[in-house]
Amino acid sequence: DGGITQSPKYLFRKEGQNVTLSCEQNLNHDAMYWYRQDPGQGLRLIYYSQIVNDFQKGDIAEGYSVSREKKESFPLTVTSAQKNPTAFYLCASSLTPGQALHFGNGTRLTVT
Amino acid sequence: KQEVTQIPAALSVPEGENLVLNCSFTDSAIYNLQWFRQDPGKGLTSLLLIQSSQREQTSGRLNASLDKSSGRSTLYIAASQPGDSATYLCAVYNAGGTSYGKLTFGQGTILTVHP
């Protein structure tokens, strides 16, 4: 079955710690995206990658970092510099930029 | 900067009703518009994608229309069922301006279909 896998589903961290969220896809898609979803605010783009070894900042990249060393994988690190990290994080991919997006089931991060 | 607005924010209807969800966007320079469904605590599922050159797309009981010049799209759901209860989001893929090459999402419409 082709799809996008995000792990873990729930993640708890203490303030000041970095944490990495995993996103893996076996759809052979070139483009991958990270979104953050907060209640009442819709989805906001954190980072996106149109091809391996390349990525671009989205609208709210501060306090986050990514890598795209393999086509299938696009991990997101939430650093201690992110002021309000508690949120629902969604990873998505598309065959090429602009085509239909496929989403993972998300990771809910809670930082206390 | 592109802004996407969805109206209404929430909608509750009895089973069997036909309903319309609205999406408007401020910049008509778009490549396409996508409609998604999100169940609580889950990711988004793509429902329909309309290219900027198209007027509408249909999938089963769903029909989405696009009027690019006026910056509007509607999602029509026929004969609604309780299983349609979810949040529906629209997103535009931007072809110009500061949002070029990015998807901009609306905040969603929470739909409840009661038996």
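See the structure above.
Rules used in this analysis
Residues numbered from 1 in each chain as written. Chains lettered and ligands numbered in written order. Predicted model: local features only at pLDDT ≥ 70, side-chain atom pairs only at ≥ 80, totals over all residues. Heavy atoms only, no water. Disulfide = S-S within 2.5 Å. Helix = DSSP H or I, 4+ residues; strand = E, 2+ residues; numbered from the N terminus. Buried < 20%, exposed > 50% of the residue type's maximum accessible area, 1.4 Å probe, protein only. Contact = heavy atoms within 4.5 Å. Buried area = accessible area lost by both parts, 1.4 Å probe. Salt bridge = Lys/Arg side-chain N within 4 Å of Asp/Glu carboxyl O. Polar contact = N/O pair within 3.5 Å; in protein donor to acceptor, adjacent residues only side chain to side chain. Core = buried A, V, L, I, M, F, W, Y, C linked by side-chain atoms within 4.5 Å. Pairing = 2+ DSSP bridges. Axes fitted to C-alpha atoms, helices over the stretch in contact; angles between N-to-C directions.

A. Expanded view of the state of the cysteines. Inspection of the entire model under this criterion finds two disulfides over all chains. What pairs with A:Cys23 in a disulfide is A:Cys91, and their sulfur atoms sit 1.9 Å apart. Linking A:Cys23 and A:Cys91, the disulfide has an S-S dihedral of approximately -75° and is accordingly described as left-handed. A residue pair is termed long-range when its members are at least 10 positions apart, and A:Cys23 in strand β3 (residues 19-25) and A:Cys91 in strand β9 (residues 87-94) qualify at 68 residues. What makes A:Cys23 buried here is its relative accessible area of 1%. In this model, B:Cys23 is linked to B:Cys90 through a disulfide, with the two sulfur atoms separated by 2.0 Å. In this structure the cystine formed by B:Cys23 and B:Cys90 twists about its S-S bond by roughly 75°; its chirality is therefore right-handed. With B:Cys23 in strand β3 (residues 19-25) and B:Cys90 in strand β9 (residues 86-94), this residue pair connects regions lying 67 residues apart in the sequence.

B. Broad picture of the interface of chain B and chain A. Across the boundary between the two partners, chain B contributes 17 residues, which contact 22 residues of chain A. Of the roughly 1,500 Å² buried between chain B and chain A, counting both surfaces, carbon and sulfur atoms make up 53%. If you look at where chain B meets chain A, you find one salt bridge. The salt bridge involving A:Asp59 is made with B:Lys102; its shortest N-O contact spans 3.4 Å. At the junction of chain B and chain A, the tally comes to six residue pairs in polar contact (both at pLDDT 80 or more). Per element, the largest residue contribution to the side of chain B that touches chain A is four residues, and it comes from strand β4 (residues 30-38) of chain B.

C. Molecular detail of the nonpolar core. Residues and elements named next belong to chain B. If you look at the biggest cluster of nonpolar residues, it comprises 22 residues, and the most contacted ones within it are Phe25, Leu33, Trp35, Leu75, Ile77, Tyr88 and Leu111. Breaking this core down by element, the ones donating at least two residues are β3, β4, β5 (44-51), β7 (62-67), β8 (72-77), β9 and β11 (109-114). Sequence-distant contacts of isoleucine 77, defined by excluding residues within four places in its chain, comprise Glu17, Asn18, Leu19, Arg61, Leu62, Asp84, Tyr88 and Leu111.

D. A look at the sheet that holds strand β1 (residues 4-7) of chain A. Residue and element names in this part refer to chain A. Ordered by their spatial adjacency, four strands build an open sheet running β1-β3-β8-β7, and the pairing between neighbours is antiparallel. The sheet is open, and its two borders are formed by β1 and β7 (64-66), each paired with just one other strand. Put simply, the sheet's adjacent strands are angled 20° from each other on average, direction ignored. In terms of strand pairing, β7 meets strand β8 (residues 76-78) through three bridges, oriented antiparallel. Note on β8: the bridge partner recorded for valine 66 is leucine 76.

E. Quick look at the environment of A:Glu15. All names here are of chain A. With respect to the helices and strands, glutamate 15 occurs in the loop between β2 (10-13) and β3. When its relative accessible area of 68% is taken as the criterion, glutamate 15 is described as exposed. Beyond its immediate chain neighbours, meaning those up to four positions away, glutamate 15 contacts Val111 and Thr112.

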